[in-house]
Amino acid sequence: MARALDLISVLLVLAGGVAFSRGVHALGERKDLVAVYLLIVGALCLKAATDLLRPKAGDA
Amino acid sequence: MTGAIQEQRRRLFLAEVSRIVPGLYGWLATVLLPVLQRGASFWSRAAALLALAALIGSFVLSARRPRASRLLGVYGFVFCCFGTWAFLGALLRSDQLDAVRGALGAVGFLLHALAWGAAPRDPDAEALDNLVPGVALQPRHKPTRLAAVALGVGIAVALAPMALAFGVDRPSASLLAHALALGCGVLVIGASTDVSLRVGKAHQLPAWRARASRALWPFSALIVAVGIALIWLALR
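Residues numbered from 1 in each chain as written. Chains lettered and ligands numbered in written order. Predicted model: local features only at pLDDT ≥ 70, side-chain atom pairs only at ≥ 80, totals over all residues. Heavy atoms only, no water.

1. Thoughts on the overall build of chain A
Then, number 1: When its secondary structure is counted, chain A shows two helices and zero strands.
Then, number 2: Burial status across chain A gives 50% buried among its 60 residues.
Then, number 3: Intrachain contacts of chain A at a sequence separation of at least 6 include 60% that bridge at least 24 residues.
Then, number 4: When the accessible surface of chain A is split by element, carbon and sulfur atoms take 66% of a total near 2700 Å². (Helix = DSSP H or I, 4+ residues; strand = E, 2+ residues; numbered from the N terminus. Buried < 20%, exposed > 50% of the residue type's maximum accessible area, 1.4 Å probe, protein only. Contact = heavy atoms within 4.5 Å. Areas by Shrake-Rupley, 256 points an atom, 1.4 Å probe, with all protein chains shown as cover.)

In structure tokens:
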């Protein structure tokens, strides 16, 4: 199960990068609301990816 | 003995001066010169002055209040610089900027970040060991194949927004697109580095249930965001 969570973290990083790319692309297409939405989704993906792997302050 | 103490104090003073010099240069190049233009609003000039005050305050407080100094030097200064740029409005359009001056100012801000990211040079460094909050640094370990994949994926997808930003041809949004793409790239590289350093270290991490629960709020927010998007698509 831990291995699956590692894999999910990598996929979330990929998803975050894709969301950011689509967000910048949407900005070029004058879809500002979609751009803001995708940038937020990208940030949430990266946050979830790092939180899955980050130990608590006392665990390290 | 007195000479040694004076020499140590001089070194500390120079270290603190060198910490604020890059930020001061970035401020001169990218904040002061734009607000001196004719037509700059009162609020942009006020924010620029506040940024300078935050930088000077961080220098003054560095010895007695290191945490407050850090808050002023990093967050206060950068927040006020952003405020200045926001209040400048149309004066900050890409066709009105000096590219060379902007690039040199960006180098100044990069050095500012590196200077504040460096470890404190105080001789009583052990007492300030928790100056930068966060978990303790992990010892090195042999990276797994998944770690290399995570880093490779991160670098590859971090480059994509920066390439796509060149496709934004609106003058009012092109600079914003490049700034956003740069920020996104930094975030993705940072996250992929974090992930690649930690994957495959299950024995040093809490159980999978604890790990999953730690990521509960970003996952919940993601589900809410996807739900909103689905509702919006259904109503269109």
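Next, the rest of the story.
2. Regarding the overall build of chain B
Then, number 1: If you tally the helices and strands in chain B, you get eight helices and zero strands.
Then, number 2: The order of α-helices and β-strands along chain B, N terminus first, is α-α-α-α-α-α-α-α.
Then, number 3: Relative to its 236 residues, chain B shows a buried fraction of 32%.
Then, number 4: By sequence separation, contacts in chain B at least 24 residues apart represent 76% of the contacts at least 6 residues apart.
Then, number 5: When the accessible surface of chain B is totalled, it reaches about 14900 Å², and 70% of it is carbon and sulfur.

3. Here we look at the packing of aromatic side chains
Residue and element names in this part refer to chain B.
Then, number 1: Taken as a whole and judged by the stated rule, the model has five aromatic pairs over all chains.
Then, number 2: Plain terms: the ring middles of Phe 42 and Trp 43 are 5.2 Å apart, the flat faces sit at 70° to each other, and that makes the pair edge-to-face.
Then, number 3: Residue classification places Phe 42 among the exposed residues on the basis of a relative accessible area of 60%.
Then, number 4: Arranged with centres 5.6 Å apart and planes meeting at 85°, the rings of Phe 82 and Trp 85 form a pair that is edge-to-face. Placement of the pair is Phe 82 and Trp 85 together in helix α3 (residues 66-88), with a separation of three residues, close to one helical turn.
Then, number 5: Residue Phe 82 is classed as exposed on the basis of its relative accessible area of 51%.
Then, number 6: Taken together through their ring pairs, the aromatic side chains of Phe 77, Phe 82, Trp 85 and Phe 109 make up a single cluster. (Phe/Tyr/Trp six-rings, centres within 6.5 Å; stacked < 30°, edge-to-face > 60°.)

4. A look at the layout of surface pockets
Residue and element names in this part refer to chain B.
Then, number 1: What the largest pocket holds in volume is close to 1800 Å³.
Then, number 2: In terms of lining residues, the largest pocket is bounded by 39 residues, among which Phe 82, Trp 85, Ala 106, Ala 179 and Leu 182 are the most central.
Then, number 3: For the lining of the largest pocket, the secondary structure elements donating two or more residues are α1 (2-35), α3, α4 (99-117) and α6 (171-198).
Then, number 4: Here the residues of the lining of the largest pocket sort into 26 nonpolar, nine polar and four charged. (1 Å grid on protein atoms, 1.4 Å probe; cavity = no way out; pocket = protein on both sides within 12 Å on 5 of 7 lines; lining within 4 Å. Points joined across faces, edges and corners; volume = space filled by probe spheres on them. Nonpolar A, V, L, I, M, F, W, Y, C, P; charged D, E, K, R; others polar.)

5. Quick look at the environment of A:Val13
Then, number 1: Along the chain, the position of A:Val13 falls in helix α1 (residues 2-28).
Then, number 2: By relative accessible area, A:Val13 is classed as buried at 2%.
Then, number 3: Residues A:Val13 and A:Ala48, 35 residues apart in the sequence, show an inter-C-alpha distance of 8.8 Å.
Then, number 4: Ignoring sequence-local partners within four residues, the contact set of A:Val13 consists of A:Leu46, A:Ala49, B:Gly154, B:Val157, B:Val188, B:Ala191, B:Ser192 and B:Val195.

6. With respect to a nonpolar patch on the surface
Residues and elements named next belong to chain A.
Then, number 1: Judged by side-chain polarity, Leu 7, Leu 11, Leu 14 and Val 18 come together as a nonpolar surface patch covering roughly 330 Å² of accessible area.
Then, number 2: The topology assignment puts Leu 7 in helix α1.
Then, number 3: Taking the relative accessible area as the measure of exposure, Leu 7 reaches 45% and is therefore partly exposed. (Patch = residues over 30% accessible without salt bridge, like charges linked within 9 Å, V, L, I, M, F, W, Y side chains within 5 Å. Salt bridge = Lys/Arg side-chain N within 4 Å of Asp/Glu carboxyl O.)

7. Side note on the nonpolar core
Then, number 1: Formed by 28 residues in total, the largest nonpolar core has its most connected members in A:Leu12, B:Val188 and B:Val195.
Then, number 2: Breaking this core down by element, the ones donating at least two residues are α1 and α2 (32-53) of chain A together with α5 (145-164), α6 and α8 (216-235) of chain B.
Then, number 3: Here this core gets nine residues from one element, more than from any other, and that element is α2(A).
Then, number 4: Setting aside residues up to four positions removed in sequence, B:Val195 forms contacts with A:Ser9, A:Val10, A:Val13, A:Ala49, A:Leu53 and B:Ala150.
Then, number 5: Listed in part, the 17 residues of the second largest apolar core include B:Ile20, B:Ala51, B:Ala54 and B:Phe77. (Core = buried A, V, L, I, M, F, W, Y, C linked by side-chain atoms within 4.5 Å.)

In short, the description is geometric, and any link to function would need to be established separately.
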